[in-house]
Amino acid sequence: MSFGRGYGLGRRALLGVVAALVVGPQSARAGETPLKIGIIGAGPAGLFLAHLLGRAGIEAVILESRTREEVEGTIRAGVLEQWVVDLMRDLGLAARLDQNADFHTGITLQWQGARL
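In this report, the structure presented in the accompanying data block is examined. Remember, predicted model here, so these are calculated numbers, not experimental data.

Each value, and the rule that gives it
- Residues numbered from 1 in each chain as written.
- Predicted model: local features only at pLDDT ≥ 70, side-chain atom pairs only at ≥ 80, totals over all residues.
- Heavy atoms only, no water.
- Buried < 20%, exposed > 50% of the residue type's maximum accessible area, 1.4 Å probe, protein only.
- Helix = DSSP H or I, 4+ residues; strand = E, 2+ residues; numbered from the N terminus.
- Arc of directions from axis to C-beta.
- Core = buried A, V, L, I, M, F, W, Y, C linked by side-chain atoms within 4.5 Å.
- Contact = heavy atoms within 4.5 Å.
- Patch = residues over 30% accessible without salt bridge, like charges linked within 9 Å, V, L, I, M, F, W, Y side chains within 5 Å.
- Areas by Shrake-Rupley, 256 points an atom, 1.4 Å probe, with all protein chains shown as cover.
- Salt bridge = Lys/Arg side-chain N within 4 Å of Asp/Glu carboxyl O.

1. Concerning helix H4 (residues 82-90)
Structurally, the α-helix is built with 3.6 residues per turn, so residues lying three or four positions apart point the same way. Turning to H4, its buried residues are Val 84, Val 85, Leu 87 and Met 88. One face of H4 carries all of its buried residues, which in axial projection span an arc of 160 degrees. Just beyond H4, the residue with positive phi is Gly 92, at close to 75 degrees.

2. So, the nonpolar core
In this structure, Phe 48, Leu 52, Val 84, Val 85, Leu 87, Met 88, Leu 91, Ala 94 and Leu 97 together form the largest nonpolar core, which totals 9 residues. For this core, the secondary structure elements donating two or more residues are helix H2 (44-55) and H4. With near-sequence residues (within four places) excluded, Val 85 lies in contact with Leu 80 and Leu 97. Core analysis: the next-biggest nonpolar cluster, separate from the first, contains 7 residues, Ile 37, Leu 49, Ala 50 and Ile 58 among them.

3. So, a nonpolar patch on the surface
A grouping of Ile 107, Leu 109, Trp 111 and Leu 116 is seen on the molecular surface, where their side chains present a nonpolar patch of about 540 Å² in accessible area. Looking at the secondary structure, you find Leu 109 in the loop between helix H5 (95-100) and strand S3 (110-111).

4. Comments concerning the pattern of salt bridges
Close approach of charged atoms lets side chains of opposite charge pair. For the structure on display, the rule yields 4 salt bridges. A salt bridge links Arg 66 to Glu 64, with the nearest nitrogen and oxygen atoms 3.0 Å apart. A relative accessible area of 28% means that Glu 64 is categorised as partly exposed.

If you want it as structure tokens, here you go:
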């Protein structure tokens, strides 16, 4: 199974994906109890992992101490790496990002009040 380009997923997310691929999609084993993966935390890594598992046919249950409104109302990333933006686009998750994001076009270096 391919998730697109060679994305550098975090170690915890990668382990979850690997575990899911080893066990296989729940539809592949007739007569067995359907596989569910528990994910701790509805942060960016947990939500990405749940989405990727869902695409593989594996149900994920996300355990989060905050309410849905708190999770959705919290900005968790001030800056997204380009590979994350590319992954979101590949997965069809970037509509809001593309509509509302401020794009970074460069940097200004400054030392003791003077631009370098």
